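Reading the structure
Listed here are the chains, written in short residue letters.
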Amino acid sequence: MQLLDGKKLSETIRQELAEEVIRFKSSTGITPCLAAVLVGENPASQIYVSNKEKACRKIGIESQLFRLPVTTTTEELLGLVEKLNKDSGVHGILVQLPLPQGCDELRVLDAIDTKKDVDAFHPENVGLISQGRPRYLPCTPYGIQQMLVRYGIETSGKHAVIVGRSDIVGKPMALMLIQKQLPKQSGADATVTIVHSRTKNLSEITRQADLLIVAIGRSRFLTAEMVKPGAVVIDVGINRLSDGTICGDVDFDNVKDIAGAVSPVPGGVGPLTISMLLLNTLRAAKLSIQPIE
Ligand code: GUN
């Protein structure tokens, strides 16, 4: 079994990005800047946002954090988004999800300037991905695609089964994997099935997968009898157990002897997600001076 080391891979990518940020700054005089908005006190969100901020600073991207109380209304949040949209010094805007109950998530995401939408959650950006002409790719599926490409895992003609139908991972991952492979791109041309909590005979379908991407948010959901021998298994889950430890959606110890390759949790997809946010923020800064692309 090959371990798909996302931590090591993300160090390489961030090194490449840091060098590109230096080049961009010296040729334009612009420092790429990400504005992150965190509403409420969700402990996981606080950790994610703080990791994103640290990662930005480390590679020379400016990071601004806007912390708002749990009582923030949708209108107040829309006001902040509008201000950030207009601020030419801010290139990327990220509103950490989930928002507290009472905040209208879709209205807020719809209000983000599409050119600053580094999460690629705006319907215009989702539509562009669907048509195979993305402006941004969403960070987690993008990180997974990079993992596949950089480990030389062939996707063309393979059966990819995605477990989970979320807007953040499952759906965009499917859109990306079914795209026609372009000359410079890979991690595409797959035959894709999405399964979810209401799927009948789920294990029968997952056992047909050459590539399994598990993003369902249930601790150690995927076990060996759901995996075809030699399959590549990507674990997108980040679940906290009652003893405080973090585990994925894949039962790693159970699956490792049957799979051909597995990404661990932690140290798999998570660090790559943040690396792709950095990449998208640099891209946003580039788009701010060269809007036609
Ligand atoms: N919450 C969980 N994942 C994400 C993500 O990729 N972006 C944002 N903004 N919120 C999240």
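The structure contained in this document is the topic of the report that follows. Keep in mind the model is a prediction, meaning the values are calculated, not measured.

Definitions and cut-offs
- Residues numbered from 1 in each chain as written.
- Predicted model: local features only at pLDDT ≥ 70, side-chain atom pairs only at ≥ 80, totals over all residues.
- Heavy atoms only, no water.
- Core = buried A, V, L, I, M, F, W, Y, C linked by side-chain atoms within 4.5 Å.
- Buried < 20%, exposed > 50% of the residue type's maximum accessible area, 1.4 Å probe, protein only.
- Helix = DSSP H or I, 4+ residues; strand = E, 2+ residues; numbered from the N terminus.
- Contact = heavy atoms within 4.5 Å.
- Near = heavy atom within 4 Å.
- Polar contact = N/O pair within 3.5 Å; in protein donor to acceptor, adjacent residues only side chain to side chain.
- Areas by Shrake-Rupley, 256 points an atom, 1.4 Å probe, with all protein chains shown as cover.
- Pairing = 2+ DSSP bridges.
- Axes fitted to C-alpha atoms, helices over the stretch in contact; angles between N-to-C directions.
- Salt bridge = Lys/Arg side-chain N within 4 Å of Asp/Glu carboxyl O.
- Parallel < 35°, antiparallel > 145°, perpendicular 65-115°, else oblique.
- Left-handed = near helix turned anticlockwise from the far one by under 90°.
- Nonpolar A, V, L, I, M, F, W, Y, C, P; charged D, E, K, R; others polar.

With that out of the way, let us pick up the nonpolar core. Ranked by size, the top nonpolar core spans 52 residues in total, and within it Ile144, Leu177, Leu211, Ile213, Ile234 and Val236 carry the most contacts. Broken down by element, the residue count for this core peaks at ten residues, all from helix H10 (residues 269-289). Residues in contact with Ile144, not counting those within four places in the same chain, are Met173, Ile213, Ile234, Val236 and Val269. By size, the runner-up hydrophobic cluster in this structure holds 20 residues, among which are Val37, Val39, Leu80 and Leu99.

Right, let's get into the site of the ligand. Around the ligand, the surrounding shell consists of Lys52, Leu94, Val95, Gln96, Leu97, Asp119 and Phe121. Within the contact set of the ligand, a nitrogen atom lies 2.7 Å away from a side-chain nitrogen or oxygen of Asp119. When the ligand is considered free in solution it has 280 Å² of accessible area, and contact with the protein chains removes 82% of it.

Moving on to the sheet that holds strand E4 (residues 92-95). Within a beta sheet, neighbouring strands are joined by backbone hydrogen bonds and run either parallel or antiparallel to one another. Here three strands make up an open sheet; going across it, the order is E3-E2-E4 and the pairing parallel. Of all strands in the sheet, those with a lone pairing partner are strand E3 (62-68) and E4, marking the two edges. Taking each pair of neighbouring strands and ignoring which way they run, the sheet shows an average axis angle of 15°. Bridge analysis of strand E2 (residues 33-39) against E4 gives four bridges, and the strand direction is parallel. Looking at E4, one finds that Ala35 is bridged to Ile93.

Here we take up the sheet that holds strand E8 (residues 232-235). If you walk across this open sheet you meet the six strands as E1-E11-E8-E7-E5-E6, and the pairing is parallel. At either end of the open sheet lies a strand with only one pairing partner, and these are strand E1 (2-3) and strand E6 (191-195). With four bridges joining them, strand E5 (residues 159-163) and strand E7 (residues 211-214) adopt parallel strand pairing. Residue pairing for E7: Ile162 is matched across the bridge by Ile213. Across the face of the sheet, helix H7 (residues 170-178) comes into contact with E5, E6 and E7 while running at roughly 170° to E6.

A separate point is the pattern of salt bridges. Close approach of charged atoms allows side chains of opposite charge to pair. Counted by the stated rule, this structure contains eight salt bridges. Close ionic contact of Glu20 with Lys286 constitutes a salt bridge, the shortest N to O distance being 2.4 Å. Taken together, the residues span a long stretch of sequence, with Glu20 in helix H1 (residues 6-28) and Lys286 in helix H10 at a distance of 266 residues. Under the relative-accessibility criterion, Glu20 is labelled partly exposed at 27%. For Lys286, a relative accessible area of 30% translates into the label partly exposed. Here Glu75 makes a salt bridge to Arg107, at a shortest N to O gap of 3.2 Å. Of this pair, Glu75 sits in helix H3 (residues 74-86) while Arg107 sits in helix H4 (residues 105-111); the two residues are 32 residues apart in sequence, bridging distant segments of the chain.

A word on the packing of helix H6 (residues 139-150) against H7. Where H6 meets H7, the closest approach of the two axes is 9 Å, and the angle between their N-to-C directions is 40°. Taken together, H6 and H7 sit at an angle that is classed as oblique. Seen from above, H6 lies across H7 with right-handed handedness. On H7, the residues touching Pro141, Tyr142, Ile144, Gln145 and Leu148 of H6 are Pro172, Met173, Met176 and Leu177. Looking at the contact of H6 with H7 residue by residue, the classes come out as eight nonpolar, one polar and no charged.

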